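Reading the structure
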Amino acid sequence: MATESTMGKILTTLTITNHADQITARQGFLPEDQIRSMTLNNVLVDTGATTLCLPSDAIEQLGLNLLKEVDVATASGINKARIFEDASINLMGRIGTFECLELPGGRDALLGVIPLEALGIELDLKNQQLKVLPETSIDTYLTIL
């Protein structure tokens, strides 16, 4: 199982890969074994977070490119934060590429609601775990209205 619960929290294991490296490797300009990637354990699934949030050391190790600087609302008020691009995540067999927000000072990674929705993964709060939604049939989570 990809998730575990601890004191009411949903924690998961998440693999993050530099998507720009993947593209460069597909084009033949980078050996496959040089694609930067990491697996993070005990990533907190945080419904109060909008997107993927990574500590600066993880962003540096992955070699993600800075996209922009933005104002973010935090518990301590409005602060500046940096947004990086091309973080490809693999969660419970679902893969997608997202922006990520840099967390200050070694804080643990957080997984927010936008990647969860885009990957078709929802929180099962009753059982304190993640649930993969169907991709096929009438029950698919993918909709075009």
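Residues numbered from 1 in each chain as written. Predicted model: local features only at pLDDT ≥ 70, side-chain atom pairs only at ≥ 80, totals over all residues. Heavy atoms only, no water.

This brings us to the overall build of the protein chain. Summing up its helical and strand segments, the protein chain has three helices and 10 strands in all. What you see in the protein chain, going N to C, is helices and strands ordered as β-β-α-β-β-α-β-β-β-β-α-β-β. A burial count over the protein chain gives 38% of its 145 residues as buried. Contacts in the protein chain between residues far apart in sequence, at least 24 positions, make up 57% of those at least 6 positions apart. Of the roughly 8,700 Å² of accessible surface on the protein chain, a fraction of 50% belongs to carbon and sulfur atoms. (Helix = DSSP H or I, 4+ residues; strand = E, 2+ residues; numbered from the N terminus. Buried < 20%, exposed > 50% of the residue type's maximum accessible area, 1.4 Å probe, protein only. Contact = heavy atoms within 4.5 Å. Areas by Shrake-Rupley, 256 points an atom, 1.4 Å probe, with all protein chains shown as cover.)

Right, let's talk about the pattern of salt bridges for a bit. Counted under the stated rule, the structure contains three salt bridges. Here Arg36 ties to Asp21 by a salt bridge, and the two come within 2.8 Å at their closest N and O atoms. Residue Arg36 is found in the loop between helix H1 (19–26) and strand S3 (37–45), and its partner Asp21 is found in helix H1; the two are separated by 15 residues along the sequence. (Salt bridge = Lys/Arg side-chain N within 4 Å of Asp/Glu carboxyl O.)

Any functional reading would require information that these geometric values do not contain.
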